[in-house]
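Understanding the architecture of this molecule
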Amino acid sequence: MPLQIPEDVPTELWMNIFESMDNPTDLCSVILTCRKFYECGIRSLYRNLRWMDPIAISSGLHAWDESPQLCNDVRSLKFGVSTIPAWYPATFVGARGTVFSSQFMGPPDGRAVHPISMGFFRSGLSQDLFAHGPFYDTILARVATFTNLSRLILKDLLFTDRLYSTIYSLPALRHLHIESCVSPRRQSLTERDPTTLPITELTLLNLRRALVSLAEPMDARHADDDILPILSLGRARNLRTLRVDPTADIFNRVYVVWSHQQGVWAIHPPPDLEVLHLERKGVVRDNGAPQSVSETSFPDRAVYKLLLRCPTIHTLTIAQSLPQHTPYPVNALPNLKNFQGLADTVPIVTRHKQLDAISILHSDTMTKFMDTLGSVAHSQPNLKMLSLECGRWNDELLHAIPQLFPRLRRLHVTYLRGGPTELEVSSWGPLFLSRLPDLHTFQCYEAPHPSGHSDPYMPDPRPSDDPDHPYLFDNTWDSIESEMRDLLIPWNRFCKSLREVQLCRKWKMRRTYDGGRWDAVKVKGDDFEIQETFDY
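Only a predicted model underlies this, so the values are computations on that prediction, with no experimental measurement involved.

Judged by pairing direction, the sheet is mixed, and its three strands sit side by side in the order E4-E3-E5 without closing on themselves. Only two strands of the sheet have a single neighbouring strand rather than two, namely strand E4 (99–102) and strand E5 (129–131). Taking the axes of each pair of neighbouring strands and ignoring which way they run, one obtains an average angle of 40 degrees across the sheet. Where strand E3 (residues 90–93) lies against E5, three bridges are found, and the strand directions are parallel. Across the sheet, the residue bridging to Val93 is Ala131, located in E5.

Before going further, it helps to spend a moment on the side chain of Arg47. Inspection of the secondary structure assignment puts Arg47 in the loop between helix H3 (35–45) and strand E1 (48–51). Judged by relative accessible area, Arg47 falls into the buried class, the value being 11%. Setting aside residues no more than four positions away along its own chain, Arg47 makes contact with Phe18, Glu19, Ser20, Met21, Asp73, Val74, Arg75 and Ser76.

A few words on the pattern of salt bridges. Counting across every chain of the model gives 10 salt bridges. Its salt-bridge partner being Arg485, residue Glu481 comes within 3.0 Å of it at the nearest N-O pair. With Glu481 and Arg485 both in helix H17 (residues 480–487) and four residues apart, this pair spans about one turn of that helix.

The next point concerns the packing of helix H14 (residues 366–379) against helix H15 (residues 396–404). Across the interface, H14 lies against H15 with an axial gap of 11 Å and an inter-helix angle of 10 degrees. Comparing the axis directions of H14 and H15 gives the class roughly parallel. Contacts between H14 and H15 involve Met366, Phe369, Met370, Leu373, Gly374 and Ala377 from the first element and Glu396, Leu397, Ala400 and Leu404 from the second. For the contact of H14 with H15, a count of residues per class yields eight nonpolar, one polar and one charged.

On to empty space enclosed by the protein. Gaps left between atoms are located by rolling a probe of water-molecule size over the structure's atoms. Within the structure shown, the criterion is met by two cavities of 30 Å³ or more. Lining the second largest cavity are Leu77, Phe79, Leu140, Val143, Leu152, Leu154, Leu163, Thr166 and Ile167. Every element with two or more residues in the lining of the second largest cavity is listed here: strand E2 (76–79), helix H7 (133–143), strand E6 (151–155) and helix H8 (161–168). Here the residues of the lining of the second largest cavity are counted per class, giving eight nonpolar, one polar and no charged.

Criteria and cut-off values
Position numbers for residues count from 1 along each chain, tracking the sequence in the order it is written. Side-chain atom pairs in this predicted model are given and counted only at pLDDT of 80 or more, local residue features only at pLDDT of at least 70, and totals for whole chains, interfaces and linings cover all residues. Based on all heavy atoms of the structure, the side-chain values leave hydrogens and waters out of the count. Here, strands pair whenever DSSP counts at least two bridges between them. Numbering goes from the N terminus for both helices and strands, where a helix is a DSSP run of H or I of at least four residues and a strand is a run of E of at least two. Axes here refer to lines fitted to C-alpha atoms; in helices the fit is confined to the stretch in contact. Angles between the N-to-C directions go from 0 to 180 degrees. For the exposure calls, accessible area comes from a 1.4 Å probe over protein chains only, and a residue counts as buried if that area is under 20% of its type's maximum, exposed if over 50%, partly exposed in between. In what follows, residue pairs with any heavy atoms lying within 4.5 Å of each other are defined as contacts. The working definition used for a salt bridge is a side-chain nitrogen of Lys or Arg within 4 Å of a carboxyl oxygen of Asp or Glu. Note that the term roughly parallel is reserved for angles under 35 degrees, roughly antiparallel for angles over 145, roughly perpendicular for angles of 65 to 115, and oblique for everything else. Under the grouping applied here, Gly and all other residues not named as nonpolar or charged are polar, the nonpolar ones being Ala, Val, Leu, Ile, Met, Phe, Trp, Tyr, Cys and Pro and the charged ones Asp, Glu, Lys and Arg. A cavity, in this analysis, means grid points on a 1 Å lattice covering only the protein atoms where a 1.4 Å probe fits yet has no way out; a pocket is instead an open set bounded by protein on both sides within 12 Å along at least five of seven lines, and a residue lines either one if it has an atom within 4 Å of a point. Grid points are joined across faces, edges and corners, and a volume is the space filled by probe spheres set on the points.

Purely geometric stuff here, so don't read any function into it on its own.
Set out below in structure tokens:
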């Protein structure tokens, strides 16, 4: 039976429906059902792009020439394609998708290539395929036509001067994410003014200093100089959010520098910085890449000097222990409202401040965790949001939290090992959450392991992650929605203000009013949702 499309539904409504579909696979299946859906949904399909494989890019690049108006619909792009000189031994992809290998011939000027440089050149990348030079230029030329691109994530690639030029040519770019990228020699890049960038959010994680030179022995003294063009992106005039780890020493190299003429430290903080995340260094694939000097003492004096000069910051994350040799400036950040840090860091940073939200990262022992909660409750009696990362599940937390923080609006608890039973979950509402009259959001679930691997003591995958039949405790339910709705029945009478409950990583329950029906909502998996959101 052919598909019958209602004629009285306006095209604009169909387009809004397709815009709300977040799964590209489902969207592609829908728009292939008929010409009407194709014409209404093709723009939404190209809204979020993922260009990581040069072969896949070559197969679809002709579509942009046939429909150039689609370039205006791209809003986000994840890009991970690199190129290297054709004389280097590697496997290349041409413009028509042809794959060919090149033998080592050496640079055209006849200079000798040191074997150490060759080894470090490939150590920073996990790619097996590289775009051939002309094809790489064609790809970036197409990216430059995405005039409405607002999110750009660059991951696991080799920076080139052409890539820098493309970044500076995007007029609507607001969020720039750079992760696990290798920097070339600074001399090979054109000098540009980063203050002209329109970005408001910048992320720099796991920056690689492996590549020093193609034709010279590796000299670690140049490593930090070569990465400076990437760090200089933090000088964007409208920067509001900055997220870095110890590999991005943006504080000592860009914001706080020694002035030889005046003989003092010159501090140039972003004038409107509001959110600062100092993350832990991620997992590194190889141990040969040279480290930055500041990695061993991060955060250091330069970070503290910046905090003293940035009264506009209201959200701060410090995912490392504070150095013992440098005291934290307790009079910094007078407008701080949200903080995330380790258990021993939270009392120091939040001292003499009234905060709205606190997130405590993983602690080694439950004793230290409870001591920190007691200290925070004494100094923050009106806390609105509390987030906790536990190594092992312990029901003592839910016994203590209602007594320590009676005015909470949102409670977020994650754990790596163990977990509550079905009977315990059913009793949470009457026993604990009923003592939090303002609580509207409650989240308690097993978090993914930080290393990306499952718990060795729990080798089986989580039942809630089963794509075919997800469930929490009982697989006889027809859906996870029915199971979670049944678990929340004892909560309805006692939790009048509760509107959202999340008991597993991929699903959450919502209702619009007291006594309303609980409906399941699938949690969106987004490359940019990589930080605790302080929504309360």
